[in-house]
Each structure stands twice: as structure tokens, then as C-alpha cells.
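Understanding the architecture of this molecule
Spelled out from the first residue to the last, the chains are:
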Amino acid sequence: MSIQTLVINFFFSSIATMGFSIFFNSPVKALIPSGLIGGAGWTLYSILFDITVNGIFANFFAATLISLLSEILARKMKYPAIIFVIPGILPLIPGLGLYNTMLSLVEGRYTDAMSIGTNALFVSASIAMGVLLITSLVSTYYIVKQKIAQRKLKLSRLIK
């Protein structure tokens, strides 16, 4: 995949992500960062899919990157992470796979529908798992950080 193709993919996925952000009434201040997150996620997906030809693997790591960047920007900009996560992962959703699954069902090609539908389901699950992994790690980090701060406070009170 050429650099030119990656730049074009980044640009258009950023525009699409900003469009989804507008659709979901995100704050205007969050539109460009949200677009950059979506563009970065799609670019990583494109690179990994080109290397591995495995959509499940590529979607998992792209969703992980989107979630990580969203958590970082949420802390920096003091917005909920969901403002960045949802529009960022929407370009990754396997819409064509879902459409082809329904088309195969309507046309009576049930084995094709099962094959395509299973792949779309696994891709969707990999996106969800990527977001869940980072969200869980960040939540756990802040819970542990809070517990440590509470214990330090108790210790300092005992020492005085």
C-alpha cells in the first residue's frame, strides 16, 4: 500500500468520523480531534489488513488504538471518552458484510449467509473487544490509583 493511498484513506476516514461526530451532537471543539482519531484507526486497520489479510486482527488493533487515543483525549479535553470512541469506530463497522449477509438470506443462499454473517459477527466482536480492553484497563488504573491515594492519606493521618 502506497503512502498516497494511506493519506487519502486517512483524510476521508477523518471526514467521515467528523460527520458522525456532528450527527451525534459532539461539541464543536471535539470534531477535529475525533476526526483525527477515526483517521488514525482506519489507517492502522488498512496497514494491518494489507499485511495480514485478517480483518478480525486488524479491526481489533484499530479499535484498541481508537479507544486508547479516545481515553487520552478525554482526559486532556475533559470530555467523556464516548464522544471520541463511537464516531471513531464507526468506519470500522463491517457494513458491507452485514448487507451481503442479508442479501444472501433473501436470495436463499444460506451457506453464503452463514459464512459472511459469521465473519461480520467476529469482526464486530473484535471491535467491541478492542474498546473493552482499553476501557477496562483505564478504569482499573484509576481505581487502583484512587485506592493508593486513600491508603497514603490514611497512613499520613496515622503518622501525625
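The following paragraphs examine the structure supplied in this document. Not measured: the values here are computed from a predicted model. (Residues numbered from 1 in each chain as written. Predicted model: local features only at pLDDT ≥ 70, side-chain atom pairs only at ≥ 80, totals over all residues. Heavy atoms only, no water.)

1. Notes on the overall build of the protein chain
Put simply, the rule is: Elements are defined by DSSP. Helices are runs of H or I of four residues or more, strands are runs of E of two residues or more, and each kind is numbered from the N terminus. In this setup the radius of gyration rests on C-alpha atoms only. A globule is expected at 2.2 Å times the number of residues raised to 0.38. Residue burial is assigned from relative accessible area. The probe radius is 1.4 Å, only protein chains are included, and a residue is buried under 20% of its type maximum, exposed over 50%, and partly exposed in between. Contacts between residues were defined by any pair of non-hydrogen atoms, one from each residue, lying within 4.5 Å. The method behind every accessible area is Shrake-Rupley, applied with a 1.4 Å probe, and residues are considered shielded solely by the protein chains displayed. This count recognises Lys and Arg as positive and Asp and Glu as negative, with His and chain-terminal groups excluded. Note on charges: their place is set at NZ of Lys, CZ of Arg, CG of Asp or CD of Glu.
Helix and strand content of the protein chain: six helices and zero strands. The globule rule puts the C-alpha radius of gyration for 160 residues at 15 Å, and the 20 Å found for the protein chain is more than 25% above it. Taking all 160 residues of the protein chain together, 34% fall into the buried category. For the protein chain, the share of sequence-separated contacts (at least 6 apart) that also reach a separation of at least 24 residues comes to 65%. Carbon and sulfur atoms make up 73% of the accessible area of the protein chain, which amounts to about 10,200 Å² in all. Positive and negative side-chain charges in the protein chain, numbering 12 and 4 respectively, have mean positions lying 37 Å apart.

2. Focus on a nonpolar patch on the surface
The line we're drawing: Like charges are joined within 9 Å and nonpolar side chains (Val, Leu, Ile, Met, Phe, Trp, Tyr) within 5 Å, but only among residues with over 30% relative accessible area and no salt bridge; these make up the patches. What counts as a salt bridge is simple: a side-chain nitrogen of Lys or Arg found within 4 Å of a carboxyl oxygen of Asp or Glu.
Taken together, the side chains of Phe-20, Phe-23, Phe-24, Ile-82 and Ile-86 make up a nonpolar region of the molecular surface, amounting to roughly 490 Å² of accessible area. Going through the elements one at a time, helix H1 (3–23) and helix H4 (82–89) are the ones with two or more residues in the nonpolar patch.

3. A look at the pattern of salt bridges
Using the criterion set out here, one finds three salt bridges in the structure. Residue Arg-75 is joined to Glu-71 by a salt bridge in which the shortest nitrogen-to-oxygen separation is 3.1 Å. A residue pair is termed a helical-turn pair when its members lie 3 or 4 positions apart in one helix, as Arg-75 and Glu-71 do in helix H3 (residues 55–77) at four residues. As a salt-bridge pair, Asp-112 and Arg-109 come within 2.9 Å of each other at their nearest N and O atoms. Note on Arg-109: relative accessible area 35%, which makes it partly exposed. By sharing partners, the salt bridges in this structure join Glu-107, Arg-109 and Asp-112 into a single network.

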